[in-house]
Amino acid sequence: MKVRSRDRDTLGEIAWIKLGRDDDETEQLIYDLNPHLHQYGRVLPLGVVIELPELTKTTHTEADEQVTVWS
């Protein structure tokens, strides 16, 4: 899926709104698909085209693992 940024969007906001998650692994997937995003820094200007990864319920990232301190 391709989206266009609004003025002053961040990658985290876009990931949360469009994919329902904003973890480091998801953002890394987006950067892997869109190496041009590194030139903009944290805040994106208006109109940047971004290819988002297809995340399914079976897509697994490290953030999906639950860590408990107490057993």
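Heads up: these notes are all about the structure in this document. Fair warning: this is a prediction, and the values are worked out from it, not measured in the lab. (Residues numbered from 1 in each chain as written. Predicted model: local features only at pLDDT ≥ 70, side-chain atom pairs only at ≥ 80, totals over all residues. Heavy atoms only, no water.)

## Describing the pattern of salt bridges
Logical step 1: For the coordinates displayed, the defined rule picks out two salt bridges.
Logical step 2: Here Arg-6 ties to Asp-9 by a salt bridge, and the two come within 3.4 Å at their closest N and O atoms.
Logical step 3: Residue Arg-6 is classed as exposed on the basis of its relative accessible area of 51%.
Logical step 4: Between Asp-23 and Arg-21 there is a salt bridge whose closest N-O contact spans 3.0 Å. Accessibility classification places Asp-23 together with Arg-21 in one group, the buried group. (Salt bridge = Lys/Arg side-chain N within 4 Å of Asp/Glu carboxyl O. Buried < 20%, exposed > 50% of the residue type's maximum accessible area, 1.4 Å probe, protein only.)

Interpretation in functional terms is not warranted from these geometric data alone.
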